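Fold and contact review
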Amino acid sequence: MSEFSGEYSVEFKGLTKKFGDSTILYNLNFGIHRGKITTILGFSGAGKTTLMKHILGLVDPTEGDVVVLGTAINKLGELDLREFRRNFGMVFQYAALFDFLSSYENVAFPLREFTKMNEEEIRTKVMGLLESVGISPEAAKRLPSELSGGMRKRVGLARGLALDPHIMLYDEPTSGLDPITTHVVYDLMRDTHRRNEHRGFTSIIISHDIHATLKYSDYIVFMEKGRVVEHLDVESFKKSENPVIRRFLEL
Ligand SMILES: Nc1ncnc2c1ncn2[C@@H]1O[C@H](COP(=O)(O)OP(=O)(O)OP(=O)(O)O)[C@@H](O)[C@H]1O
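Presented here is an overview of the structure given in this document. (Residues numbered from 1 in each chain as written. Predicted model: local features only at pLDDT ≥ 70, side-chain atom pairs only at ≥ 80, totals over all residues. Heavy atoms only, no water.)

Quick look at the nonpolar core now. In this structure, Val-107, Val-126, Leu-130, Leu-157, Met-168 and Tyr-170 are the most contacted members of the largest nonpolar core, which totals 33 residues. Secondary structure elements with two or more residues in this core: helix H3 (103–114), helix H4 (119–132), helix H5 (137–140), helix H6 (149–161), strand S7 (167–171), helix H7 (179–196) and helix H8 (210–216). If we skip the residues at most four places from it in the chain, Tyr-170 touches Met-52, Val-91, Leu-157, Met-189, Ser-203, Ile-204, Ile-205 and Ile-206. Core analysis: the second largest hydrophobic core is formed by 26 residues, Phe-30, Ala-46, Ile-206 and Met-223 among them. (Core = buried A, V, L, I, M, F, W, Y, C linked by side-chain atoms within 4.5 Å. Buried < 20%, exposed > 50% of the residue type's maximum accessible area, 1.4 Å probe, protein only. Helix = DSSP H or I, 4+ residues; strand = E, 2+ residues; numbered from the N terminus. Contact = heavy atoms within 4.5 Å.)

Here's what the structure looks like:
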């Protein structure tokens with residue numbers, strides 16, 4: 001595991017991405033603060049998911065570098081990249097659990113895949129993780145189809161945390177949830193962050209949800225058409241006079 005201690009967990013250095021003739025990201029230069037919650041906000045098609053894919057090394061920059069925990073991830077070979085991805089935990093839009101595995105087995109999966117832990121160690125770790133996200137031992141035995149949407153997100157979060165990642169990535173983590181469950185999930189994300197922030201744990205969230213973003217983020221990166229319009233701490237963001245931001249805030 002990385003002992004990285006720089007100011008930014010992720011740095012985009014002159015990142016440009018083109019698909020064919022269309023430019024999707026334009027010469028981005030900024031850093032995502034280590035130990036903080038940063039939300040990437042913007043309208044559909046702004047390039048948020050493409051940016052996230054660069055952080056994970058799933059797509060290569062057309063120009064520039066993406067430096068994660070001090071390593072230019074776009075320069076790693078396949079094997080090193082696979083190992084490096086242990087630094088990340090991910091929670092995607094639809095929780096993306098394995099349907100045929102119980103909650104317990106879903107959380108145990110990365111431990112079986114990537115560690116040499118024995119069954120007893122796995123049990124202790126999985127039950128601790130499930131407890132930390134509010135999943136009972138009884139619910140641990142259930143299949144995802146037997147859980148509510150909010151509970152599936154909790155299990156997804158527990159699974160994302162299994163390998164003690166340095167960076168958690170959430171792509172639209174609450175889409176499809178009702179407003180109350182949305183806030184429960186955000187509370188959980190924040191609690192998870194606070195429990196781990198002493199070790200530089202960084203949370204990066206992609207969202208359209210302005211209200212949750214203002215409530216839960218430390219920093220906000222607002223993107224429009226492949227460019228960063230503002231990158232500010234949340235209090236400064238609320239006061240931004242930028243007309244694009246004002247329009248978004250008034251929605
Ligand atoms: N593999 C690809 N090939 C071609 N174009 C792509 C590809 N991936 C994304 N794009 C285009 O890049 C632009 C940005 O897409 P992206 O998914 O990053 O936006 P987004 O901000 O995440 O949007 P949303 O909020 O709707 O998910 C879109 O116009 C999309 O069509």
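From this point, the discussion proceeds with the structure in view.
Within the structure, the ligand sits among Phe-19, Ile-24, Phe-43, Ser-44, Gly-45, Ala-46, Gly-47, Lys-48, Thr-49, Thr-50 and His-208. Residue Ser-44 places a side-chain N or O atom 3.3 Å away from an oxygen atom belonging to the ligand. Residue Gly-47 places a main-chain N or O atom 2.9 Å away from an oxygen atom belonging to the ligand. Computed on the free molecule, the ligand has an accessible area of 630 Å², of which 55% lies beneath the protein chains in the complex. Examining the composition of the shell around the ligand, we find that 3 residues originate from one element, helix H1 (residues 48–55), more than from any other. Among the residues forming the shell around the ligand, the class breakdown is 4 nonpolar, 6 polar and 1 charged. (Near = heavy atom within 4 Å. Polar contact = N/O pair within 3.5 Å; in protein donor to acceptor, adjacent residues only side chain to side chain. Areas by Shrake-Rupley, 256 points an atom, 1.4 Å probe, with all protein chains shown as cover. Nonpolar A, V, L, I, M, F, W, Y, C, P; charged D, E, K, R; others polar.)

As a further point, take the pattern of salt bridges. A complete count under the given rule lists 10 salt bridges for this structure. Ionic pairing is found between Glu-138 and Arg-142, a salt bridge with its closest N-O pair at 2.7 Å. Looking at Glu-138, the relative accessible area reads 45%, which means it is partly exposed. Members of the salt-bridge network, linked through shared partners, are Glu-105, Arg-112 and Glu-119. (Salt bridge = Lys/Arg side-chain N within 4 Å of Asp/Glu carboxyl O.)

Turning our eyes to something else, we now look at the sheet that holds strand S4 (residues 63–68). One open sheet holds the 4 strands; their spatial order is S2-S1-S4-S5, and the pairing between them is antiparallel. At either end of the open sheet lies a strand with only one pairing partner, and these are strand S2 (22–33) and strand S5 (71–72). Where strand S1 (residues 8–19) and S4 come together, 5 bridges link them in antiparallel fashion. Looking at the pairing, Lys-13 lines up with Asp-65 of S4. Each of S1, S2 and S4 is contacted by H1, which is oriented at about 120° to S1, the strand it contacts most. (Pairing = 2+ DSSP bridges. Axes fitted to C-alpha atoms, helices over the stretch in contact; angles between N-to-C directions.)

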